[in-house]
Amino acid sequence: LQEMDTAQFKTLLYSASYQSLKQPSSPYVIALNKTDAGKQTLTYLQYAKELEPYAQLSENDGWWDMKRAASPSEETYAHYKNKGLELYQHCPYHELKLRYGYQLVRLAHYMRNKNNEAIRMYNLYVKPLKQEHYIYYAALEQTAGALYNIGKLANANYLYSRVFDHSDNRKKIAYSSFRIQSEVDWNEAMTWCKDNREKAAMYALRGYNTFSNELEEVENILEIYPESPYIKLLAIRYINKMERNVLTRYNHSNATDDTSSFMQPSGKVLAEYERAQQIIKA
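Residues numbered from 1 in each chain as written. Predicted model: local features only at pLDDT ≥ 70, side-chain atom pairs only at ≥ 80, totals over all residues. Heavy atoms only, no water.

Colleague: I would appreciate a short explanation of the side chain of serine 167 in the present structure.
Modeller: Looking at where serine 167 falls in the secondary structure, it is placed in the loop between helix 8 (153-166) and helix 9 (171-177). Of the polar contacts made by the side chain of serine 167, one reaches the backbone nitrogen of arginine 170; its length is 3.3 Å. (Helix = DSSP H or I, 4+ residues; strand = E, 2+ residues; numbered from the N terminus. Polar contact = N/O pair within 3.5 Å; in protein donor to acceptor, adjacent residues only side chain to side chain.)

Shown next, in the form of structure tokens:
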């Protein structure tokens, strides 16, 4: 793979078809067949390309609408599941085993009626590998979706918070999937947190909600995990919200030249501003 430039590598991952990866004369096949690790990688890529149609979004759908372009039949699902399990068992490389595990979790999750199997696949074939990086969190997101589908909201929200905290390109989907419907949901989700960093991520996600109070969440995080990167962002969101609140009222007023009384914030706003200053200084 080191012989490929960036464009060739991206083509291999994102554009090359399953058929092209089965052709002995393909430059990708030739390159990958030079070593055992390369051969194992080629085998994984062929399997991933076979499953690709069942993971793609249908045309014109966005990340918020998870409709699939196609769903495998029960027979096809069983075929790809068994094939993936066999490849997983015979693969000597944990980096590739993790990817097989992810494919198995995702395939079961997108079958809709296989949510419990998706969770089982994660517990058996992803979690034991203890490789917590990009692919792991992609599998964790799929597991959270399966938990959500069977009504285990607290566990699902906790997993979405972990994806949000550790993954860059899955942050948006984790944020949009995180749903706290009641105080009971929130308290139960918090019991899943193993340390203060995880609790801080939960507070941050709640703070990013449109109708939340960012300042309260800043206080919550300051108390337990002051090194959290989310504190400044929440504070900025709060300042922006206050600024819009004051300036919008001024800009849309029917005041004449005598606007001094309108421009003066109320005592309540000033008191909140003083409190905000102290928290942000902290």
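Colleague: Mind showing me how you'd approach helix 4 (residues 74-90) here?
Modeller: Side chains that are three or four residues apart share a direction in an α-helix, a result of its 3.6 residues per turn. Counted at 1.5 Å a residue, the expected span for helix 4 with its 17 residues is 24 Å, and the 24 Å between its end C-alpha atoms agrees. All of the buried residues along helix 4 are Tyr77, Tyr80, Lys81, Gly84, Leu85 and Tyr88. Considered in projection along helix 4, the buried side chains sweep an arc of 135° and stay on one side of the axis. Seen from the buried face of helix 4, the exposed residues on the opposite side, beyond 90 degrees, are Glu75, Gln89 and His90. In the core, the buried residues of helix 4 are packed alongside helix 3 (36-51), helix 5 (94-109) and helix 6 (115-125). (Expected span 1.5 Å × (residues − 1). Buried < 20%, exposed > 50% of the residue type's maximum accessible area, 1.4 Å probe, protein only. Arc of directions from axis to C-beta. Contact = heavy atoms within 4.5 Å.)

Colleague: Would you explain the packing of helix 7 (residues 134-149) against helix 8 in this entry?
Modeller: For any two helices packed against each other, one specifies the inter-axial angle together with the distance between the axes. It is at 8 Å that the axes of helix 7 and helix 8 come closest, and there the two elements cross at 160°. Taken as axis vectors, helix 7 and helix 8 run roughly antiparallel relative to one another. Crossing hand, helix 7 versus helix 8: left-handed. Between helix 7, through Tyr136, Tyr137, Leu140, Glu141, Thr143, Ala144, Gly145, Leu147 and Tyr148, and helix 8, the contact on the second element is made entirely by Leu153, Asn155, Ala156, Leu159, Tyr160, Arg162, Val163 and His166. (Axes fitted to C-alpha atoms, helices over the stretch in contact; angles between N-to-C directions. Parallel < 35°, antiparallel > 145°, perpendicular 65-115°, else oblique. Left-handed = near helix turned anticlockwise from the far one by under 90°.)

Colleague: I tried to follow the nonpolar core on my own but got confused; where do I start?
Modeller: What tends to happen in soluble globular proteins is that the nonpolar side chains get buried as a cluster. Membership of the largest hydrophobic core comes to 75 residues, with the highest contact counts inside it found for Leu21, Met121, Val126, Tyr136, Leu140, Met202 and Ile221. It is helix 7 that contributes the most residues to this core, nine residues altogether. (Core = buried A, V, L, I, M, F, W, Y, C linked by side-chain atoms within 4.5 Å.)

Colleague: Where do I start with the packing of aromatic side chains in this structure?
Modeller: Given two aromatic rings, one states the distance between the centres and the angle between the planes to describe the pair. Inspection of every chain in the model, using the stated rule, returns eleven aromatic pairs. Ring geometry for tyrosine 47 versus tyrosine 100: centroids 5.8 Å apart, planes at 50°, classification tilted. Linking tyrosine 47 in helix 3 with tyrosine 100 in helix 5, this pair joins segments that are 53 residues apart in sequence. Judged by centre distance (5.0 Å) and plane angle (85°), the ring pair of tyrosine 136 and tyrosine 137 falls under edge-to-face. Put simply, the rings of Tyr44, Tyr47 and Tyr100 touch in pairs and so form one group of aromatic residues. Geometry around phenylalanine 164 places lysine 171 over its ring, the cationic atom sitting 5.1 Å from the centre. Above the plane of the ring of tryptophan 186 lies arginine 206, whose end atom (NZ or CZ) is 3.9 Å from the centre. (Phe/Tyr/Trp six-rings, centres within 6.5 Å; stacked < 30°, edge-to-face > 60°. Lys NZ or Arg CZ within 6 Å of the ring centre and 35° of its normal.)

Without other data, these values stay purely geometric and don't point to any function.
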